[in-house]
Amino acid sequence: MKKLLFVLSILLLLCGCAAGKQDVAEVKEEQPAQEETAVDLSALTIVTPKGAPVLAFYDQIENPNYSRVTADAISALWTGDASPDVLVVDLTSGIKAIKNGAGYKLGAIITFGNFYLASTGNDENDTMDADDKIVLFGNENMLPNKLWHYLYGEDYDASLLYAADAQQAAAALASGNFSDGTAVDYVFLAQPALFASLSKNEKAKVFADIQEEYKNKSSLDMIQAAVFIKDSVDAKTGAAFLDQLSASIASAIADPELVQSGLGLYSGDEAVAQYGFNPNVVVNVFKQKNALGNNAMGLGFARAIDIKTDIDAFLSIFGIDATGEEIYFQ
């Protein structure tokens, strides 16, 4: 009997130990995993050109590390002490800068086209013919001209007129006349200049959505402003910045009033000086939809590496070789 009691006590002891180990294991499993330390993005320096890209940073207007400069000032910022952690510029300029040695990686695309072809109302048959006068803005090396020839070829070359900038093109649409007094039929223009011009010419209307024309021909999305991240920014910080930017843009598209509120820090002439546009006009355009169902300002977000095919196709219009994965932030 004593032996039996001894054996039973040993068995009970072993069972108790096993149960104790199981309980400890369960406690360990139930303990929540430690949260990752949040990445501090407040020290990142950000520079964008004035204009449409500012929309993407509507929630950063009060950030002392966020600056807006004229487009022609960007080229001096790729190197040197003044080069920011994040630089926003048109895709082609950024790719060329990297090829010339700029220490940046391509992180994201944030604007996907805001170009339109508008009719002044002067064309009686409302059909674009080879002898119709057509205004483009910029010179023959700039995006409007490159896009025009990609979409429409050389059939209209004898009728093309080049305005110095978008403002002069907008004036041509508003008045129906080029700067030298020549009557014009069509004007290639970007938002929000288009919106303002249409309100000044009751005969004017949108003739073609260039984003739709580009997609119909290429089966891809048009690409404009790109986000470049400096090589000195570590991978975790860069990824957190892009995640935040993606979420912020998604919120803006879902609720344009957020953009209006963010840009409301400045008003009147000061707002135009700060942003390069009248925020009230831009928000009105932002609320509109283009032919593809996207906001008329072309604001969006895509990780660059995820749309490499689109990027390479767009660059080919400019005769730029396909990109290598080493230039992308991953």
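Caption draft 1: Expanded view of the sheet that holds strand S4 (residues 104-111). Pairing within the open sheet is mixed, and its 6 strands lie in the order S2-S1-S3-S10-S4-S11. Taken across any chain shown, the strands that pair with only one partner, and hence form the sheet edges, are strand S2 (66-69) and strand S11 (299-303). This sheet shows a mean twist of 25° between the axes of neighbouring strands, independent of strand direction. Bridge count for strand S3 (residues 86-90) against strand S10 (residues 225-230) is 5 bridges, and the pairing is antiparallel.

Caption draft 2: Structural detail: the pattern of salt bridges. What the rule picks out here adds up to 6 salt bridges. Residue Lys215 pairs with Asp221 through a salt bridge whose shortest N-O separation is 2.9 Å. Classification of Lys215 by relative accessible area gives partly exposed; the value is 33%. Its relative accessible area of 29% is what places Asp221 among the partly exposed residues. Residues Arg303 and Asp243 are paired through a salt bridge, measuring 2.8 Å at the closest nitrogen-oxygen approach. Within this pair, whereas Arg303 is found in strand S11, its partner Asp243 is found in helix H7 (residues 235-254), the two being separated by 60 residues in sequence.

Caption draft 3: Looking closely at the packing of aromatic side chains. Under the criterion given, the structure shown has 14 aromatic pairs. Taking the centre distance of 6.5 Å and the plane angle of 50° together, the rings of Phe137 and Phe188 count as tilted. One end of the pair, Phe137, is in strand S6 (residues 134-137); the other, Phe188, is in strand S8 (residues 186-190), and 51 residues separate them in sequence. For the pair Tyr266 and Tyr275, a centre-to-centre distance of 5.9 Å together with 70° between the ring planes defines the contact as edge-to-face. Aromatic rings pair up to connect Tyr150, Tyr214, Phe314 and Phe318 into one cluster. The positively charged end of Lys217 is found above the aromatic ring belonging to Tyr150, 4.7 Å away from the centroid.

Conventions adopted
- Residues numbered from 1 in each chain as written.
- Predicted model: local features only at pLDDT ≥ 70, side-chain atom pairs only at ≥ 80, totals over all residues.
- Heavy atoms only, no water.
- Pairing = 2+ DSSP bridges.
- Helix = DSSP H or I, 4+ residues; strand = E, 2+ residues; numbered from the N terminus.
- Axes fitted to C-alpha atoms, helices over the stretch in contact; angles between N-to-C directions.
- Salt bridge = Lys/Arg side-chain N within 4 Å of Asp/Glu carboxyl O.
- Buried < 20%, exposed > 50% of the residue type's maximum accessible area, 1.4 Å probe, protein only.
- Phe/Tyr/Trp six-rings, centres within 6.5 Å; stacked < 30°, edge-to-face > 60°.
- Lys NZ or Arg CZ within 6 Å of the ring centre and 35° of its normal.

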